[in-house]
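Given next are the chains, with one letter for each unit.
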Amino acid sequence: MDLAALLDRIADDVAPEVGRGAVADYIPALARVEPWRFGMAVAEVDGAVHGVGDWERPFSVQSMSKVFTLALALSRGDSVWARVGREPSGGPFNSLVQLEHENGIPRNPFINAGALVVTDELARHGDAADALLAFLRQESGRAEIAVDAEVAASEAAHADRNRALAHFMASYGNMRHPVPSVLDQYVRQCSIAMSCGDVARSALFLARHGLRNDGSRLLGLSAAKRINAIMLTCGTYDAAGEFAYRVGLPGKSGVGGGIVAIVPGRCAVCVWSPGLDARGNSVAGVAALDRFTTLTGWSVF
């Protein structure tokens, strides 16, 4: 299959969707991103990478980072599952109400509360954001990947809800480190800037059933399968059912406008377009992945 030509076709097909939706305005630095941007990249398991549009332009990965921190935490053992669930939330990604009903145990690792717990768990072994950066630099092959300091400062200044989530979990004994330290690491991991090509390359270990780009094993077969499963059921918040219906792949979105998706055994895909729907997912990004699975026939179903 000519993936380069396929991506060109997808870009043409979804052009009317680009710019639709609204950029994330609760983080001021993200509110200034041009909504008409669009990029898409496919990294094949043999290492070949294809892209279209703004696929080499860095953007804020935001919640896509949660896939990688979960993988790093699980590479050190599965103790995190005593502290966070694996069920879809059915509600907003920053809900406090659900935490109270469930005694400080987040519903899954991809809502904000769950990701804070994963960061706290990874921090047992050192700075979580630094560990994530080291991993992403090695997997992408780009040593210059870094935290966007402007986005990090903007996000930290508007992190009251995340701070509340972390303190609430601490009140139930579900935080191991001081909240300010965990929040700092969490904000920095979400503020990492990467291109679609970088993200797709970095996520290939999930398409390779746990094998990194250098051939070493990050995760066992079962752990890689389970991360993909949680991405499918929880990766797009309370739109996970609609995403599974339209796209049919494990995926994880971020409010920076990115979505990473996995075709096990074949490739990792990343698409970026900053205009978001009401649930925080890229409008053009979902449309592009819908076209991708329709045109290729590649789906987990």
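Since we're looking at a predicted model, the values are computed, not measured.

Criteria and thresholds
Once a new chain begins, its residue numbering starts again from 1 and follows that chain's sequence as written. Totals for whole chains, interfaces and linings use every residue, but because this is a predicted model, local features are given only for residues with pLDDT of at least 70 and side-chain atom pairs only at 80 or more, for both listing and counting. Derived side-chain values reflect all non-hydrogen atoms in the structure, with water molecules and hydrogen atoms excluded from consideration. Two rings belonging to Phe, Tyr or Trp (six-membered ring only in the last case) form a pair when the distance between their centres is within 6.5 Å. Interplanar angles under 30 degrees mark stacking, angles over 60 mark edge-to-face geometry, and anything in between is tilted. Helix numbering and strand numbering both begin at the N terminus, where a helix is a DSSP run of H or I of at least 4 residues and a strand a DSSP run of E of at least 2. For every residue, the accessible area obtained with a 1.4 Å probe (protein chains only) is divided by the maximum for its type, and the residue is called buried under 20%, exposed over 50%, and partly exposed between those limits. Comment: the charge-over-ring label is applied if NZ (Lys) or CZ (Arg) is within 6 Å of the ring centre and within 35 degrees of the ring normal. Just to be clear on terms, a salt bridge is a Lys or Arg side-chain nitrogen sitting within 4 Å of an Asp or Glu carboxyl oxygen. For every element, the axis is a line fit to its C-alpha atoms; helices are fit only across the contacting stretch, and the angle between N-to-C directions ranges from 0 to 180 degrees. Should an angle lie under 35 degrees it is considered roughly parallel, over 145 roughly antiparallel, and from 65 to 115 roughly perpendicular; all remaining angles are considered oblique. Should the near helix be turned anticlockwise from the far one by less than a right angle, the crossing is left-handed, and should it be turned clockwise, the crossing is right-handed. Residue contacts are counted whenever heavy atoms from the two residues lie within 4.5 Å of one another. Residue polarity follows a fixed list, in which Ala, Val, Leu, Ile, Met, Phe, Trp, Tyr, Cys and Pro are nonpolar, Asp, Glu, Lys and Arg are charged, and the others, Gly among them, are polar.

Time to look at the packing of aromatic side chains. Evaluated as defined, the whole model comprises 6 aromatic pairs. Centroid distance Phe 135 to Phe 205: 5.7 Å. Interplanar angle 85°. Geometry classified as edge-to-face. With Phe 135 in helix α6 (residues 128–140) and Phe 205 in helix α11 (residues 204–207), this pair connects stretches of sequence that are 70 residues apart. Summarising the burial analysis for this pair, Phe 135 and Phe 205 share the class buried. Residues Phe 168 and Tyr 172 carry aromatic rings whose centres are separated by 5.3 Å and whose planes lie at 55° to one another, so their mutual orientation is tilted. The class for Phe 168 is partly exposed, based on a relative accessible area of 22%. Taken together, the ring pairs in this structure connect Phe 68, Phe 135 and Phe 205 into an aromatic cluster. A cation over an aromatic ring shows up here: Arg 86 above the ring of Trp 81, its NZ or CZ 5.0 Å from the ring centre.

Another aspect to go through is the pattern of salt bridges. In the structure shown here, the tally under the stated rule is 21 salt bridges. Ionic pairing is found between Arg 20 and Glu 17, a salt bridge with its closest N-O pair at 2.6 Å. A salt bridge links Arg 37 to Asp 54; the shortest N-O distance between them is 3.3 Å. One end of the pair, Arg 37, is in the loop between α2 (28–31) and β1 (39–44); the other, Asp 54, is in the loop between β2 (49–53) and β3 (59–60), and 17 residues separate them in sequence.

In this section: the packing of helix α1 (residues 3–14) against helix α14 (residues 283–296). Between α1 and α14, the least distance of the axes is 10 Å, while the angle of their chain directions is 135°. Overall, the two elements α1 and α14 adopt an arrangement that is oblique. In the crossing of α1 with α14, the sense of the turn from one axis to the other is right-handed. For the pair α1 and α14, contact is made by Leu 6, Arg 9, Ile 10, Asp 13 and Val 14 and by Ala 287, Ala 288, Arg 291, Phe 292, Leu 295 and Thr 296, respectively. Here the contact of α1 with α14 is built from residues that sort into 7 nonpolar, 1 polar and 3 charged.

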